[in-house]
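Summary of the model geometry
Below, each chain spelled out in residue letters.
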Amino acid sequence: MEQIRIHGRGGQGVVTAAELIAIAAFKSGKYAQAFPNFGVERSGAPIQSYARIADEQIITREQVHNPNILIIQDASLLENSDILKGTDKNTLFIINAPDNYQAPIKLPSKKVFCSPATEIALKIFGKNIVNTVILGSFAKHSGLITLESLKYAVAEKFADKGKTIIKKNIQAIEVAFND
Amino acid sequence: MKAKNKNQHQGQEILEGSRAIALTVNNIGPEVVSAYPITPQTHIVEDLAKFKANGQANFEYVRAESEFAAASIVLGASAAGARVYSATSSQGLLLMAEVLYNISGMRLPIVMTCANRAISSPINIWNDHSDAMAVAGSGWLQFFAENHQEAVYQHLLAYKVAEKMNLPALVNVDGFILTHSYEPVAIPNKSLIKKYLPARKLEAGTFLDTNNPVTMGGFFSPNDYLDTRKDICQDFDTSLAIIKKEYLNLKKIFKFKNNGNGLVEYSGAKKPKIILICMGSLAGTIKETLKKYADVGLLKITTFRPFPAEEIKKAIDHCVNIAVIEKAINPGSGGPLYLETKAAIFGHEKINIQNYIAGLGGHDISEKMIAKIIKEMRGRTTNKIKFVN
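Residues numbered from 1 in each chain as written. Chains lettered and ligands numbered in written order. Predicted model: local features only at pLDDT ≥ 70, side-chain atom pairs only at ≥ 80, totals over all residues. Heavy atoms only, no water.

Points about the overall build of chain B
Secondary structure assignment for chain B yields 13 helices and 15 strands. In summary, chain B has a C-alpha radius of gyration of 21 Å against a globular reference of 21 Å for 389 residues, a match within 12%. Reported as C-alpha extents along the three principal axes, the dimensions of chain B are approximately 65 × 65 × 45 Å. Expressed as a percentage of its 389 residues, the buried residues of chain B come to 58%. For chain B, the proportion of contacts with a sequence separation of at least 24, taken over those separated by at least 6, is 77%. Of the roughly 16700 Å² of accessible surface on chain B, 54% is carried by carbon and sulfur atoms. Here chain B contributes 45 positive and 36 negative side-chain charges, whose respective centroids are spaced 9 Å apart. (Helix = DSSP H or I, 4+ residues; strand = E, 2+ residues; numbered from the N terminus. Rg over C-alpha atoms; globule rule 2.2 N^0.38 Å. Buried < 20%, exposed > 50% of the residue type's maximum accessible area, 1.4 Å probe, protein only. Contact = heavy atoms within 4.5 Å. Areas by Shrake-Rupley, 256 points an atom, 1.4 Å probe, with all protein chains shown as cover. Lys, Arg positive; Asp, Glu negative; His and termini not counted. Charge placed at Lys NZ, Arg CZ, Asp CG, Glu CD.)

This is how it looks when you write it as structure tokens:
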């Protein structure tokens, strides 16, 4: 079973990101689960969400304590080492940061990938909305979901938001995936 | 990545728990829905309101100014003969408390979802079972769901038993853990639901009808009042067998299998040295933990009202180490599930039953905690209530 933990801040779409992973994995024929862990309900507060992917039905409801993959939507959260809880030398890190990024704390793993999600988001949306963008990098580096299934998930999840938004999100995901 | 498509083949979609419940309720076809939004119930009623706004629903959605009003609105509609639905959580359920007793006293088959959440103060929006336990004596049937699929089926079962017995039913789903999570689930279609649950049958004298006028909830003198309570209690007893029968029927029509009989579900070791007892989504975490144990079993209580005392006695059989793990506590007494389980098995002299209070106010219950409880149960236990954190 693959366990993914996403860290971000209130308003960054942390919960939606986990849901998109689950929808995409399910679309690829896997079993999947996603759930949020809200802190206080306000914009800017640190928030976590979780996703699990497996070949069998997922029945556990515990929070993700030992993630195989850690997605960090806001690199400023790395100023506090709590965020690394349960990670080890095998954990795959995907961080929203430029290529030359140096983490302020020591990461336990060498499998660290930077995704220029903010840069891509500013270019395409004109806003720092990175939750879908960073999933393009997640799909590329984890191999757990395909680009196609991720696009499907975005189209399904954002169906109410209209075609333009879906199109822009897919474009941003593709840029991150091909980065 | 190797793609397996077996989940899609079972007609499953990946949905948020709230959406799965809203879709099911819409397919059940209530005539009146009224609710007041409260976290974590909100998504269920938002979805229902959306269905109504988009022309995908046939019910009247009546907006309410409070939970007290919402419960009163569905009371009135149900008394007029409609199939109705509401949903709430926590403080909302407590604000409804007075109306809940009126509903059961008037013998109205109202079904409501409770997205279980802790009670203030201190303010806490996360999951535990304090809300449901606070109304355990209100004369409502109570079901507890482990996952999205069970929540879906329990709503069908709830309407079926409620309308058959003229008793209201509360379907409990763990707030956030089930209401805000995504997982694969199959939503039964309208035609199959109709087969299981035809339109509400109205018997003369049980609803407000100008051709056959009745008074509901009128004044009862001491002698008559006691009789109404006795009637309700007898019907709760009768509903134990009805739930079992209708759950079997549900399994046949919707073609699913599990170890449950609608009241309880046992899984794990055939000859257990320890049995853990719980309700709701925690059962999943325990089942996952028990994969590593050959001598431990889980008894999941799916129906809390009526309390399935005989089923528990039977399931426990010769096992003498019982741990009741629950998300509620009566200060000065004990966990409600523990107290009732203990009463159910009274007379079984050698039994050692331990109460663990866990997950209050959304505290995570990890597999490690379950393993620790099992380890403790192998040694000497104290019979004192233990708080797990």
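As for the overall build of chain A
Per the secondary structure count, chain A includes 5 helices and 6 strands. Ordered by position in the sequence, the α and β elements of chain A form the string β-α-β-β-β-β-β-α-α-α-α. Taken against the 2.2 N^0.38 rule, which gives 16 Å for 179 residues, the C-alpha radius of gyration of chain A at 15 Å falls within 12% of a compact globule. Within chain A, the fraction of its 179 residues that count as buried is 57%. Long-range pairs, those at least 24 residues apart, make up 57% of the contacts in chain A with a sequence separation of at least 6. A total accessible area of about 7900 Å² is found for chain A, and carbon and sulfur atoms account for 49% of it. Across chain A, the 21 positively charged side chains and the 17 negatively charged ones have centroids separated by 2 Å.

Side note on the pairing of strand S11 (residues 296-301) of chain B
Residues and elements named next belong to chain B. Extensive coverage of S11 is indicated by the burial of 6 of its 6 residues. Across 5 bridges, the pairing between strand S9 (residues 264-268) and S11 is antiparallel. Its bridge partner lying in S11, Glu265 is registered against Lys300. Two elements, strand S10 (residues 274-278) and S11, share 5 bridges in a ladder whose sense is parallel. Looking across to S11, one finds that Ile277 is bridged to Leu299. (Pairing = 2+ DSSP bridges.)

Examining the interface of chain A and chain B
At the junction of the two partners, chain A supplies 30 residues and chain B supplies 34 residues. Among the residues chain A hides against chain B, the three largest losses belong to Phe26, Ile59 and Arg61 of chain A. Together they make up 27% of the total. Scanning the region where chain A abuts chain B turns up 1 salt bridge. Two residues, Glu183 of chain B and Arg61 of chain A, come together in a salt bridge whose shortest N-O distance is 2.9 Å. Taken together, the connections running from chain A to chain B amount to 8 residue pairs in polar contact (both at pLDDT 80 or more). At 6 residues, strand S2 (residues 31-37) of chain A tops the list of elements feeding residues into the side of chain A that touches chain B. Residues that form the side of chain A that touches chain B fall into these classes: 11 nonpolar, 9 polar and 10 charged. (Buried area = accessible area lost by both parts, 1.4 Å probe. Salt bridge = Lys/Arg side-chain N within 4 Å of Asp/Glu carboxyl O. Polar contact = N/O pair within 3.5 Å; in protein donor to acceptor, adjacent residues only side chain to side chain. Nonpolar A, V, L, I, M, F, W, Y, C, P; charged D, E, K, R; others polar.)

Quick look at the sheet that holds strand S6 (residues 141-144) of chain B
Residue and element names in this part refer to chain B. The strand order across the open sheet built from 7 strands is S3-S2-S4-S5-S7-S6-S12, with neighbouring strands paired in mixed fashion. A strand with exactly one partner marks an edge of an open sheet, and here the two such strands are strand S3 (60-63) and strand S12 (303-305). Mean inter-strand twist for the sheet, computed between neighbouring axes without regard to direction, equals 20 degrees. Together, strand S2 (32-35), S3, strand S4 (84-88) and strand S5 (111-116) form the strand contacts of helix H3 (residues 42-53), whose direction differs from that of S3 by roughly 125 degrees. (Axes fitted to C-alpha atoms, helices over the stretch in contact; angles between N-to-C directions.)

Structural notes on empty space enclosed by the protein
Residue and element names in this part refer to chain B. Under the definition given, this model contains 3 cavities of 30 Å³ or more. In this structure, the largest cavity encloses a volume near 50 Å³. Lining the largest cavity are His129, Met133, Cys278, Met279, Leu282, Ile325, Glu326, Lys327, Ala328 and Leu337. For the lining of the largest cavity, a count of residues per class yields 7 nonpolar, 1 polar and 2 charged. (1 Å grid on protein atoms, 1.4 Å probe; cavity = no way out; pocket = protein on both sides within 12 Å on 5 of 7 lines; lining within 4 Å. Points joined across faces, edges and corners; volume = space filled by probe spheres on them.)

Let's talk about the pattern of salt bridges
All chains considered together, the criterion is met by 25 salt bridges over all chains. Members of the salt-bridge network, linked through shared partners, are Glu146, Glu150, Glu265, Lys287 and Lys300 of chain B.

Notes on helix H5 (residues 163-177) of chain A
An α-helix turns once per 3.6 residues; consequently, residues spaced three or four apart project the same way. All names here are of chain A. Look at H5: 21 Å from first C-alpha to last across 15 residues, which is about the 21 Å you get at 1.5 Å a residue. Inspection of H5 places Ile166, Asn169, Ile170, Ala172, Ile173 and Ala176 among the buried residues, and these make up the whole buried set. Take H5 and look down its axis: the buried residues cluster within an arc of 160 degrees, on one side only. Residues of H5 that are exposed and angled more than 90 degrees away from the buried face: Lys163, Thr164 and Lys167. Lining the buried residues of H5 we find helix H2 (117-124), helix H3 (131-142) and helix H4 (147-157). (Expected span 1.5 Å × (residues − 1). Arc of directions from axis to C-beta.)

Concerning the packing of H3 of chain A against H5 of chain A
Any two packed helices are characterised by how steeply their axes cross, that is the angle between the axes, and by the distance between the axes. All names here are of chain A. Orientation of H3 relative to H5, taken along the N-to-C sense of each, is 40 degrees, at an axis distance of 7 Å. As far as their axial angle goes, H5 and H3 are oblique. Between H3 and H5 lies a crossing whose hand is right-handed. Taking contact as the criterion, the partners of Thr132, Val133, Gly136, Ser137, Ala139 and Lys140 in H3 are, on H5, Asn169, Ala172, Ile173, Ala176 and Phe177. (Parallel < 35°, antiparallel > 145°, perpendicular 65-115°, else oblique. Left-handed = near helix turned anticlockwise from the far one by under 90°.)

Comments concerning the layout of surface pockets
The volume enclosed by the second largest pocket comes to roughly 980 Å³. Contributions of two or more residues to the lining of the second largest pocket are made by S2 of chain A together with helix H7 (148-165), strand S8 (182-185), helix H9 (222-254) and S9 of chain B. Looking at which element gives the most residues to the lining of the second largest pocket, the answer is H7 of chain B, with 4 residues. When grouped by side-chain class, the residues that make up the lining of the second largest pocket number 14 nonpolar, 11 polar and 11 charged. Split by domain, the residues of the lining of the second largest pocket number at least three in each of domain 1 (6-253) and domain 2 (266-387) of chain B. (Domains from an automatic or database assignment.)

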